[in-house]
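A look at the structure
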Amino acid sequence: MRIVFFSDNFYPEVSGIADSIMILGKQLEKRGHEVRYVGPRYSEKDYQKSGRSLEEEKEDRSFRAFRLPSLPLPFSPTGQSRVVLPVGGERSLQFLDSFKPDIIHTQSFFGTGLEAIKIAKKLRIPLIGTNHTFIDEFFPSSLRRGVILRSMHSYVAWYYNHCRFVSTPAQGLLRDMQSQGLKAPAEVIVNPLSLEMFSPATESEKKSLKEKYHFDGPTVFYCGRLAPEKHVDTILRALPKVKEKIPDVQFVIAGHGSTEKELKSLTRSLSLQANVHFMGFVEPAQLSEFYKASDIFAIFGTAENQPLTLAQAYAAGLPAVGADARGLREYITEDTGFVMRYDDAETLASKIQFLLENEETRKKMGENAKEKIEKFEASKISEKWEDIYEEYGKCVETEKVRLPEIQTLDESKIPEAL
C-alpha cells in the first residue's frame, strides 16, 4: 500500500508525536509499503535546536516529505512548534497525485490536518485519523468550562468524524472524544515504540555510568519538554525532603523548553545545585546511558497520553513515579510504580525515598515495567495498522466536507526563515 502521514508535529521537532510517526513509517516500509509525509516547513534554527540538519534531510532519498508553509508558534514549549498554513495548493496535490496514495493517515487537527481533509476529498482517498492530544490541559483552568473550550471539543469531534476510523493511544482520551461527539469507528491503539537502544543496566554498567556523568548518588531521571503542563517543579520541590534521609540523591533533567529558566531558579532557591543536573537536549545514544545510570523515572505531565520517555524508562527496567492524570494513570500501575496528584511534592518525596531504600521492590517493579512495555514494540503495532488500512482503505465516494475558503499562496513571496 501507499500511505501518507499528515502531522503538525514532525521532524525535526523534538516531540513524541513526531517520533511515533517516524517509527511507524519506517516499520511499514520494512513490511513492503511505500510511505510519504506532509508536515510543517521548519527553519534552520529548528533543525539546530534538535541537533539535526536540513541538508541531511535533503540528502536522505529514503525520506520524502512535502513541507507546508508555516509560522513559529508563539510561546511554544520547545521553541520549535509551528502554525501550519493549509495552503499547499497545486503543489501538494501534485506531490500526492504522482504518488497515488491508498490511505491518508492524519495525526493532528489543525493546519496540516485541514490540508489532509482537503486532499482526501479532492483525490477521493480514505482518511484515517489519530488524536494524540488532551487539548484541555493547554487551556488555563479558568477557561476549561467556558465556551472557547466547548467550541474546541466540538471542532475536534467535527474533524475526526471525517475519518473512517480513529485511534487514540489512551482510553481516557477516547472516552472524552466520544462524549464530545465523536461518531466514527474508534479504538485505542498504542503508539509504536522502537526500544532496541534501551535495556536494563548491569550493576557494573550502572556504577560505571554514574561515575562517567558524575551522578554521585541514587538517581531520579526526567526526560522531555520543560513546559508548564509537565510540572517538573513538583519533582524539584520533593527533593529537599528526600535529601533529609538520602543526602546524595540526584535529579537529572534531559530536555529543553519554556520553563527551563524558572526551574533553574527554583533549583537555586532550594539549594539543590549539587543534586540537580540540567543536561539539555540529548542524543539517543547518550539518552540510553542516562536511563541506565538512573534508578527511578519521574514524569508529572498532566496532558500525557502515552509518553515515549516513560516507555523508554520501562524498557530500561526503571520503575516510575508520576501524576495521577490522563494517560499516565493508565500506564503507571501498582506493579510498575506510583501515581499521585501532580502537585503533591510531599507524597512524591515519600515514594522516591521508599523506592530508593527498598531495592528488591524497586527491581521487581522495573522487571514488571520491562515486561509490560514489550507488548508495544513497533513491529507488532505496525502489523495492527496494516490490518486497519486494509479494512478501511477501500476507496468509496468521499463525503462532502465544508471547509473555510482557503486561497492558494504564492510561496515565492514567503521569507526563507518561515
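These notes cover the structure that comes with them. Quantities reported herein were computed from a predicted structural model and do not represent experimental measurements. (Residues numbered from 1 in each chain as written. Predicted model: local features only at pLDDT ≥ 70, side-chain atom pairs only at ≥ 80, totals over all residues. Heavy atoms only, no water.)

Its location among the elements puts Val188 in strand 9 (residues 186–188). Take Val188: its relative accessible area is 27%, and that puts it in the partly exposed class. Sequence separation between Val188 and Lys212 is 24 residues, and the spatial gap between their C-alpha atoms is 41 Å. Among all residues touching Val188, those that are not within four sequence positions of it are Thr168, Pro169, Ala170, Gln171 and Leu174. (Helix = DSSP H or I, 4+ residues; strand = E, 2+ residues; numbered from the N terminus. Buried < 20%, exposed > 50% of the residue type's maximum accessible area, 1.4 Å probe, protein only. Contact = heavy atoms within 4.5 Å.)

Moving on, we get to the environment of Gly113. Tracing the sequence through the fold places Gly113 in helix 5 (residues 111–123). Taking the C-alpha atoms as reference points, Gly113 and Phe221, 108 residues apart in sequence, are found 34 Å from one another. The residues contacting Gly113, other than those within four sequence positions of it, are Asp8, Thr106, Ser108 and Tyr159.

Between helix 9 (residues 232–245) and helix 10 (residues 260–269), the shortest axis-to-axis distance is 10 Å and the interhelical angle comes to 10 degrees. When the interaxial angle is binned, helix 9 and helix 10 end up roughly parallel. Residue-level contacts link Val232, Asp233, Leu236 and Arg237 of helix 9 to Leu263, Leu266 and Thr267 of helix 10. A per-class count over the contact of helix 9 with helix 10 returns four nonpolar, one polar and two charged. (Axes fitted to C-alpha atoms, helices over the stretch in contact; angles between N-to-C directions. Parallel < 35°, antiparallel > 145°, perpendicular 65-115°, else oblique. Nonpolar A, V, L, I, M, F, W, Y, C, P; charged D, E, K, R; others polar.)

To continue, consider unusual backbone geometry. Geometrically, the link from Tyr11 to Pro12 is a cis peptide bond, its omega value of 10 degrees lying close to zero. Structurally, the position occupied by Pro12 is in the loop between strand 1 (2–6) and helix 1 (16–30). Positive phi, normally seen in glycine, also occurs at Lys100, with a value near 55 degrees. With respect to the helices and strands, the residue Lys100 is situated in the loop between helix 4 (89–99) and strand 6 (103–106). Here Lys100 falls in the exposed class, since its relative accessible area comes to 51%. Even without being glycine, Ser271 reaches a positive phi, approximately 55 degrees. Residue position: Ser271 is located in the loop between helix 10 and strand 12 (276–280).

The biggest cluster of nonpolar side chains holds 88 residues, and the ones touching the most others in it are Phe251 and Tyr291. Ignoring any residue separated from it by four or fewer positions in sequence, one finds Tyr291 in contact with Phe198, Lys206, Phe221, Cys223, Phe297, Thr309, Gln312, Ala313, Ala316 and Leu318. Core analysis: the next-biggest nonpolar cluster, separate from the first, contains 31 residues, Leu68, Ala116, Ala120 and Tyr160 among them. (Core = buried A, V, L, I, M, F, W, Y, C linked by side-chain atoms within 4.5 Å.)

The next thing to look at is the sheet that holds strand 14 (residues 320–323). Hydrogen bonds between backbone groups are what pair the strands of a sheet, and the pairing can be parallel or antiparallel. The strand order 12-11-10-13-14-15 describes an open sheet built from six strands, whose pairing is parallel. With one partner strand each, in any of the chains shown, strand 12 and strand 15 (337–340) form the two edges of the open sheet. Each strand of the sheet is rotated relative to its neighbour by a mean of 20 degrees, with strand direction disregarded. Inspection of the sheet shows strand 11 (residues 250–254) paired to strand 12 by four bridges, in the parallel sense. (Pairing = 2+ DSSP bridges.)

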